[in-house]
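A closer look at the structure
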Amino acid sequence: DLLAHDNPEVLSLELLNDGRIATGCADLKIRIFNSYCNLVSTWIAHTSSVFGLFRLYDGNLASSSIDGIKIWNLNENNNLIRILNHGTSKGVFALE
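Described in the following lines is the structure provided in the data block.

1. Examining the sheet that holds strand E4 (residues 39–44)
Taken together, the four strands give an open sheet; going across it, the order is E1-E2-E3-E4, and neighbouring strands pair in antiparallel fashion. Both edges of this open sheet fall to strand E1 (10–15) and E4, since each of them pairs with a single strand only. Between one strand axis and the next, the sheet turns through 15° on average, direction left out of account. In terms of strand pairing, strand E3 (residues 29–33) meets E4 through five bridges, oriented antiparallel. Looking at the pairing, Phe33 lines up with Leu39 of E4.

Calculation rules
Residues numbered from 1 in each chain as written. Predicted model: local features only at pLDDT ≥ 70, side-chain atom pairs only at ≥ 80, totals over all residues. Heavy atoms only, no water. Pairing = 2+ DSSP bridges. Helix = DSSP H or I, 4+ residues; strand = E, 2+ residues; numbered from the N terminus. Axes fitted to C-alpha atoms, helices over the stretch in contact; angles between N-to-C directions.

Take it as geometry only, folks, not as evidence of what the structure does.
Below you can see the structure in the form of C-alpha cells.
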C-alpha cells in the first residue's frame, strides 16, 4: 500500500496522467503506486534524496536531486531518458 516505504520520509508526490501516484523519497528511490495505492514499481533514481517530481506533458516523469534533474520514461520500464545537469553542486530542490 501507499505506506510501503523503506524510509517513510516522502519528500515529493506527483499524480500521474493515468491515475498512478509517484513518490520521491529520502532513500534515493522513486516509487510508483497504482490507483488503488498498491506499490507497483520502485527504483533508485538519484545519488541523494529525491526532492522534486513533475509530470511532463508527454507522460514522462522528471525528478530532481543534488545530482540534477532526470527524465524517466514510465511507459518503458522506467528507463532513464536524459540527465540535465545545471553545473552546480547545490542541486535542484523543486520542480514546478
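There is more to say after this.
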